[in-house]
Amino acid sequence: MSLRQFISSRKFLRSIVHLKENVSLRWKEFAELFGLHEDVFEDPRHIKLKEPVTVILLGSGNRGSIYADYAIKNPDEMKVVAVADININRLNKIKKIHKIDDAHCYSNWEDIFKSSKFADAIIIATPDHLHTQPCLAALDAGYDVLLEKPIAPTEEECRLIFRKARACESIVGVCHVLRYSPYFRGLKEVLDAGLIGNVISIQHMEPIEQIHMSHSYVRGKWKNSKIATPILLAKSSHDTDIIRWLVNSPAKDVHCFGNLKWFTNINAPEGSTERCTDGCKVEQSCPYSALQIYLRDKKRLYVFDMPDKKSEWDSFILEKLKTTDYGRCVYKMDNDQPDHLTVNMLFESGVTAAFSMEAHVSYEGRRTRIMGSKGDIVGNMESFIMTDFKTRKQTSWELKTDAHGGGDHRLIRDWIQAVAQKDKTLLSSSIDVSIESHLMAFAAEKSRLDRTIEEVRLTDIQLSVK
Ligand SMILES: NC(=O)c1ccc[n+]([C@@H]2O[C@H](COP(=O)([O-])OP(=O)(O)OC[C@H]3O[C@@H](n4cnc5c(N)ncnc54)[C@H](O)[C@@H]3O)[C@@H](O)[C@H]2O)c1
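Throughout what follows, the structure given in this document is the object of discussion. Fair warning: this is a prediction, and the values are worked out from it, not measured in the lab.

What counts and how
- Within each chain, residue numbers correspond to sequence positions counted from 1 in written order.
- With pLDDT at 70 or above as the cut-off, local features in this predicted model cover only qualifying residues; side-chain atom pairs require 80 or more to be listed or tallied, and sums for whole chains, interfaces and linings still use all residues.
- We count a residue as near a molecule or strand when its backbone-placed C-beta atom lies within 6 Å of that partner.
- Numbering goes from the N terminus for both helices and strands, where a helix is a DSSP run of H or I of at least four residues and a strand is a run of E of at least two.
- For this classification, Asp, Glu, Lys and Arg are treated as charged, while Ala, Val, Leu, Ile, Met, Phe, Trp, Tyr, Cys and Pro are nonpolar and the rest, including Gly, are polar.
- Any residue pair is listed as a contact if its two C-beta atoms, each placed from the backbone, are within 7 Å.
- Pairing between strands is defined by DSSP: at least two bridges between the two strands are required.
- Here an axis means a line fitted to C-alpha atoms, over the contact stretch when the element is a helix, while the angle between two N-to-C directions is reported on a 0 to 180 degree scale.
- These descriptions rest on fixed angle ranges, namely under 35 degrees for roughly parallel, over 145 for roughly antiparallel, 65 to 115 for roughly perpendicular, and the rest for oblique.
- By definition, any crossing whose near helix is turned counterclockwise from its far helix by less than a right angle is left-handed, and any crossing with a clockwise turn is right-handed.
- Remark: C-beta atoms are placed from the backbone, and a residue is labelled buried if 20 or more other C-beta atoms sit within 10 Å of its own, exposed if 12 or fewer do, or partly exposed between those counts.
- For crossovers, right-handed means that the path from the first strand over the helix to the second runs clockwise, given strands pointing away from the viewer.

## What about the site of the ligand?
Alright, step 1. Neighbouring the ligand are 25 residues, the closest being Gly-59, Gly-61, Asn-62, Arg-63 and Glu-148.
Alright, step 2. Here the element with the most residues in the shell around the ligand is helix α4 (residues 62–73); it accounts for three residues.
Alright, step 3. Residues that form the shell around the ligand fall into these classes: ten nonpolar, eight polar and seven charged.

## Section: the environment of Asp-239
Alright, step 1. The topology assignment puts Asp-239 in helix α12 (residues 237–247).
Alright, step 2. Measuring from C-alpha to C-alpha, the distance between Asp-239 and Arg-366 comes to 9.0 Å, with 127 residues separating the pair along the chain.
Alright, step 3. Apart from the residues within four sequence positions on either side, Asp-239 is in contact with His-204, Glu-206 and Phe-355.

## Notes on the sheet that holds strand β13 (residues 375–379)
Alright, step 1. Read across the open sheet, the ten strands follow the order β1-β15-β14-β13-β12-β8-β11-β10-β9-β16; overall the sheet is mixed. Of all strands in the sheet, those bounded by a partner on one side alone are β1 (22–25) and β16 (453–455). Along the sheet, successive strands turn relative to each other by an average axial angle of 15 degrees, direction set aside.
Alright, step 2. Where strand β9 (residues 251–259) meets strand β10 (residues 340–347), eight bridges bridge the pair, whose relative direction is antiparallel. In the strand pairing of β10, Gly-258 is matched with Leu-341.
Alright, step 3. Set on the sheet, helix α9 (residues 182–192) makes contact with β8 (199–207), β12 (367–372), β13, β14 (383–388) and β15 (394–398); between it and β13 the angle comes to about 180 degrees.
Alright, step 4. Of the strands in this sheet, β8, β9, β10 and β11 (352–358) touch α12, which is tilted by about 160 degrees from β8.

## Here we look at the packing of α12 against helix α16 (residues 431–450)
Alright, step 1. In contact at an axis separation of 8 Å, α12 and α16 are set at 120 degrees when each is read in the N-to-C sense. Considering the angle they form, α12 stands oblique to α16. Considering the relative orientation of α12 and α16, their crossing is right-handed. Between α12 and α16, the contacting residues are Ser-237, Thr-240, Asp-241 and Arg-244 on the first element and Ser-434, Glu-436, Ser-437, His-438, Met-440 and Ala-441 on the second.
Alright, step 2. For the contact of α12 with α16, the residue count by class is two nonpolar, five polar and three charged.

## Let's talk about the pairing of strand β5 (residues 121–124)
Alright, step 1. Burial along β5 is two-sided: Ala-121 and Ile-123 and Ile-122 and Ile-124, pointing in opposite directions, are all buried.
Alright, step 2. In terms of strand pairing, strand β2 (residues 53–58) meets β5 through four bridges, oriented parallel. Along β5, the bridge assignment pairs Ile-56 with Ile-122.
Alright, step 3. With four bridges connecting them, β5 and strand β6 (residues 144–147) associate as parallel partners. Pairing of Ile-124 across the sheet is with Leu-147, part of β6.
Alright, step 4. In this fold, β5 hands off to helix α7 (residues 132–140), which returns the chain to β6; that crossover is right-handed.

## Looking at unusual backbone geometry
Negative phi characterises most residues that are not glycine, and trans characterises most peptide bonds.
Alright, step 1. Here Lys-149 and Pro-150 are connected by a cis peptide whose omega angle stands at -5 degrees.
Alright, step 2. Look at Asn-248: it is not a glycine, yet its phi comes out positive at around 65 degrees.
Alright, step 3. You can see Asn-248 is positioned in the loop between α12 and β9.
Alright, step 4. The class of Asn-248 is partly exposed, set by 15 C-beta atoms lying within 10 Å.
Alright, step 5. Here the phi dihedral of Lys-298 falls at roughly 55 degrees; this positive angle occurs in a residue that is not glycine.
Alright, step 6. Within the fold, Lys-298 resides in the loop between α13 (290–296) and α14 (313–323).

## A look at the sheet that holds β2
Alright, step 1. The strand order across the open sheet built from six strands is β4-β3-β2-β5-β6-β7, with neighbouring strands paired in parallel fashion. Of all the strands in the sheet, just β4 (105–106) and β7 (172–174) have a single pairing partner and so form its edges.

## Comments concerning the environment of Ser-60
Alright, step 1. Structurally, Ser-60 can be placed in the loop between β2 and α4.
Alright, step 2. Residue Ser-60 is classed as buried on the basis of its 28 C-beta neighbours within 10 Å.
Alright, step 3. Along the backbone, Ser-60 and Ile-293 are 233 residues apart, and their C-alpha atoms lie at a distance of 25 Å.
Alright, step 4. The contact partners of Ser-60, leaving out residues within four places of it in the chain, are Ser-65, Ala-68, Val-83, Asp-85, Arg-90, Leu-91 and Ile-94.

The following block contains the structure:
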């Protein structure tokens, strides 16, 4: 064995861990040490495709364009052959990037289904209230589907889509991108390998960060639960999904407290106006000043379809702040989404989980604590520390030192393989598993509104525990 081989060997790593109290490792080293998969994203069932999977994009906004971008980076695997969007700027942008024929650019999703099937699959990235009808139409027409979360705004519609997908045996992937983040993949590996024994309980926090909250859930597209979907679905179904995935047991009961405490009329400061651009007396001191966020800091501008010329930006942004919800006072909106909530969950295995979603925080990045029979884990999306109860040794994995991000495209890669091979088991996030996270979120929202403990009704859904 060469010196180099010895240094990267498990024996050597074990000796370091033995010598030092706390060891921080890259994932490859961590995996080597504990006999886990070195590449948590590698799937030996993936094949080289003979030709790219052809895809129709419904909705070419923020999410749709990210998914379509996979085709540019991986032309051998995916080709976008048609697009539908009511926004002509976005439609034209995608048309140009993907060199789509005029005949295959549509100004409404419904127009796609006036022709018989002309591609392998459809990506549905339209707003929440436009998921059910396009998805049912796509399944009727024989397409495989990648559906943005939430599956649908109501429990009945989610169940309908689920049943239809089952009946026609199409591939339906749901975009729970957290399952494709290196952090949660790593945690899943560690738990499945039993490194902390049996999971006993989980504490999980989703810090939304206050500007993100104001942008999306006070001023933005998801500000009203009746027009979009309850925040438990819109934001936290990622978390119910991840918790369920880590626990590896069906959900039984949930209970939720939560309300909208701060972004309400009663908290509007004296001197505040309807819009930040109306000469608001407290604009300079307000942490939610739209002039500060969008005009001075130039943050979160993707919602505005910015002009190409940067010299036109300031007047363009100002106009948007005077005419769209993004310039309105956060205390004078028609919003109803809770800005803090807690959900308690009980799983069939007896495991419990406590989840909290917090808007009033200065940071993002989920926080996780997992309590096991032989050890525990504390993590924050960038690293986790695992402690062994017997030896008191701590081993940590630092994500910062590994390749970062890329969950969206990893999800697309698995979905493309599933479609090409007609095998939904290639997907971590198929509707068969993701339906449960939605049912948990609906039950939690019902509990919040009715002040009850709710059973998660899985009766007509035969779950594949994964
Ligand atoms: N997986 C995630 O982490 C994640 C993150 C953000 C958003 N989402 C979800 O993705 C979906 C899209 O969100 P987004 O942020 O991209 O929104 P977006 O507004 O940027 O994009 C939606 C697009 O749909 C288009 N559209 C509206 N009506 C249409 C119609 N009748 N026919 C065709 N196109 C139409 C809009 O013009 C827009 O371009 C939503 O359901 C959202 O909840 C998921």
